[in-house]
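Below are the chains, spelled out letter by letter.
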Amino acid sequence: MNENLFTSFITPTMVGIPVVVFIIAFPNILFPNPNRLINNRWTTIQLWMVNLILKQMMMMHNIKGRTWSLMLISLIMFIGSTNLLGLLPHSFTPTTQLSMNLGMAIPLWAGAVVMGFRHKTKASLAHFLPQGTPIPLIPMLIIIETISLFIQPMALAVRLTANITAGHLLIHLIGGATLVLMSISTPTAMITFIILIFLTILEFAVALIQAYVFTLLVSLYLHDNT
Amino acid sequence: MTTFSEDLSQLGTVRAKASGTQFLDSKIASVVPLKERNLMDVKLGALPSWILMWDFTPSGIAGPFQQGYYQYYNKYVNVKKGSITGLSMVLTAYMVFSYCLSYKELKHERLWKYH
């Protein structure tokens, strides 16, 4: 049981071929291109969702921030679809790997910050000091604000990794417990099974929410810096 | 594309049946080039050389995958009244594929007394 718990998180290779590349590229084929004015049902549903998310998310940005629309929409589609696909049995979820989430978080955060420093240097530097702080506190506060700035990409990546990994681990554990309890005492197994159902519903929500939170925070950093 | 009976008559033997053109005389060398034949028309001995004749460039490898994708897409998804079947078949295939990938670790989770 000990080593089995984490074996679902190892990157899959098959006789030396890194299959993980194909698994990361797999959600791409689930989003077909809209070619016509009136598309098939699958494409229509996706277009409707993209419009909804786009209007909701990009409303608060100015013209400069809206140039990031494509990036943010593809980000939320990727993270959402990858998380949802990971809820299928036996599948591998790339977003459980910290390496991939860091690879997503650090460039996006750095891009927003560098853009802010280039275009609005004074305002970006002014973010380090909130308004109305007492004068003796200023040096310490600047240090604290710098640390909180640099921790933003780490928090983005670790938040996504930890949430998805913890959810998968819980499902494994409670599912294993249900199986073992079935032969010991069936009513307890039923209770555990009901817990498992609720957990799965929660995981569906978490999968989508995490995508949303990731993208929202990136857009927030963008808003500060445009 | 000439029919088989015309090929046979060209070479001087008249053994084609009236019904079909699938009758093959083993002494006659094939006149259709090896590359354009489908899998069912290739003889078993010529199979390795037929495989080696494939196009192994990146665009040559991507071609069949793209064709396969569009065959599935136009049959099940890109229709006027598509249903959940198109998507769920893909997800089931993905699940089976992931099961095969992780079979090695799943072997230990069988409910046997002695592993």
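So, here is what we can say about the structure in this document. (Residues numbered from 1 in each chain as written. Chains lettered and ligands numbered in written order. Predicted model: local features only at pLDDT ≥ 70, side-chain atom pairs only at ≥ 80, totals over all residues. Heavy atoms only, no water.)

### Structural notes on the packing of helix α3 (residues 41–58) of chain A against helix α5 (residues 69–85) of chain A
Describing two packed helices takes the angle between their axes plus the distance from one axis to the other. Residues and elements named next belong to chain A. Packing of α3 against α5 leaves a shortest axis separation of 11 Å and a crossing angle of 125°. By the angle class used here, α3 and α5 are oblique. Judged by the twist between their axes, the crossing of α3 over α5 is right-handed. Here α3 contributes V50, I53, L54, M57 and M58 to the contact with α5, which in turn contributes S69, L72, I73, I76 and M77. Here the residues of the contact of α3 with α5 are counted per class, giving 9 nonpolar, 1 polar and no charged. (Axes fitted to C-alpha atoms, helices over the stretch in contact; angles between N-to-C directions. Helix = DSSP H or I, 4+ residues; strand = E, 2+ residues; numbered from the N terminus. Parallel < 35°, antiparallel > 145°, perpendicular 65-115°, else oblique. Left-handed = near helix turned anticlockwise from the far one by under 90°. Contact = heavy atoms within 4.5 Å. Nonpolar A, V, L, I, M, F, W, Y, C, P; charged D, E, K, R; others polar.)

### Remarks on the side chain of A:T95
All names here are of chain A. As for its position among the elements, T95 is in the loop between α5 and α6 (98–119). Taking relative accessible area as the criterion, T95 reaches 0% and is therefore assigned buried. In this structure the side chain of T95 is engaged in a polar contact, spanning 2.7 Å, whose partner is the side chain of N83. Beyond its immediate stretch of four places on either side in the chain, T95 contacts T82, N83, M100, N101, M104, L160, T161 and I164. (Buried < 20%, exposed > 50% of the residue type's maximum accessible area, 1.4 Å probe, protein only. Polar contact = N/O pair within 3.5 Å; in protein donor to acceptor, adjacent residues only side chain to side chain.)

### Quick word on α6(A)
Residues and elements named next belong to chain A. Counted at 1.5 Å a residue, the expected span for α6 with its 22 residues is 32 Å, and the 31 Å between its end C-alpha atoms agrees. Of all the positions in α6, only M100, N101, M104, A105, L108, W109, A112, V113, M115 and G116 are classed as buried. Residues of α6 that are buried make contact with α2 (20–25), α5, α7 (121–126), α8 (138–184) and α9 (186–225). (Expected span 1.5 Å × (residues − 1).)

### Observations regarding the nonpolar core
Core analysis: the biggest nonpolar cluster contains 28 residues, and A:W68, A:F214 and A:V218 have the highest contact counts within it. Ranked by the residues each element gives to this core, the list is headed by α6(A), at 8 residues. A:F26, A:L30, A:L85 and B:Y94 belong to the second largest nonpolar core, which has 9 residues in total. (Core = buried A, V, L, I, M, F, W, Y, C linked by side-chain atoms within 4.5 Å.)

Keep in mind these values describe shape, not function.
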